[in-house]
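# Overview (structure and organization)
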Amino acid sequence: MILPTFDPNRLQQQMQFVLEIDKLKGILRQTLITDASRQENSAEHSWHIAMMAIALEEYAHQPVNLLHVIRLLLVHDLVEIDAGDTFCYDADGNQSKAAREIQAADRLFGLLPPEQGQQLRAWWDEYEEQVTADAQFAKALDCLQPFLNNMQTNGHTWMLHGVHHAQVRDRMSAVQVGAPALWPWVESQIEEAIAAGLLRAA
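Please read all numbers here as calculations on a predicted model, not as lab measurements.

This part is about the layout of surface pockets. Space inside the largest pocket adds up to approximately 520 Å³. Together, 31 residues line the largest pocket, and Thr86, Cys88, Lys97, Asp142 and Arg171 are the ones closest to its centre. Those elements that place two or more of their residues in the lining of the largest pocket are β1 (28-32), α5 (91-109), α6 (114-129), α7 (133-152) and α8 (156-161). In terms of residue count, the dominant contributor to the lining of the largest pocket is α7 (six residues). Residues that form the lining of the largest pocket fall into these classes: 12 nonpolar, nine polar and 10 charged.

Turning our eyes to something else, we now look at the side chain of aspartate 142. Take aspartate 142: it is sitting in helix α7. Buried charged residue aspartate 142 carries no salt bridge. Nearest counter-charge: arginine 171, at 4.5 Å. There is a polar contact of 2.6 Å between the side chain of aspartate 142 and the side chain of histidine 45. Only 3.3 Å separates the side chain of aspartate 142 from the side chain of histidine 76, close enough to count as a polar contact. Sequence-distant contacts of aspartate 142, defined by excluding residues within four places in its chain, comprise His45, Ile49, His76, Asp77, Tyr127 and Arg171.

What follows concerns helix α11 (residues 183-195). An ideal rise of 1.5 Å per residue puts 18 Å on 13 residues; α11 measures up with 18 Å between its terminal C-alpha atoms. Taken together, the buried positions of α11 are Trp183, Val186, Gln189, Ile190 and Ala193. The buried residues of α11 all sit within an arc of 120° when viewed along its axis, so they share a single face. Relative to its buried face, α11 has exposed residues pointing more than 90 degrees away, namely Pro184 and Ala195.

Criteria and thresholds
Residues numbered from 1 in each chain as written. Predicted model: local features only at pLDDT ≥ 70, side-chain atom pairs only at ≥ 80, totals over all residues. Heavy atoms only, no water. 1 Å grid on protein atoms, 1.4 Å probe; cavity = no way out; pocket = protein on both sides within 12 Å on 5 of 7 lines; lining within 4 Å. Points joined across faces, edges and corners; volume = space filled by probe spheres on them. Helix = DSSP H or I, 4+ residues; strand = E, 2+ residues; numbered from the N terminus. Nonpolar A, V, L, I, M, F, W, Y, C, P; charged D, E, K, R; others polar. Buried < 20%, exposed > 50% of the residue type's maximum accessible area, 1.4 Å probe, protein only. Lys, Arg positive; Asp, Glu negative; His and termini not counted. Salt bridge = Lys/Arg side-chain N within 4 Å of Asp/Glu carboxyl O. Polar contact = N/O pair within 3.5 Å; in protein donor to acceptor, adjacent residues only side chain to side chain. Contact = heavy atoms within 4.5 Å. Expected span 1.5 Å × (residues − 1). Arc of directions from axis to C-beta.

Pasting the structure below:
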């Protein structure tokens, strides 16, 4: 086997990217970890949903490439290093979210050697465009994870922000698309949350 020629400049770019994405560990999300002891960070969220893809692959709405789903899940939140984590129920913050995240994607993926940066950027774009089965399943998991955490922490984030059940149903519609077999379970959990007073019913 012929080994590729070592390129110190290429390695320097790759290492710069690897060090830069460590900053994702410092981006705090609204969601608590399941023992309710603290907020989770975006790197923990990315790890969790990647593991969820492995555990829940059978619920994808059609056959998916599991490795590619994991790639999408690990790449799509990197932009939060620059753009921050925009709370899904923050109407004002979501107005500028797309522009902030595109600018962040340009910078972050631009740190890599061009062909690598273009590949990761293509994965990020694929997730955002929500056209492929892999991207749709990834999105379903991305929405499901904070839902689960809220159910385990007595609706902490929902109650803190006065979230209405209709907002949650709308947010969770990604599950209907990417993992529809899980939707009846999600609906039952929403009804439990309403009955327990964790979600506003009106």
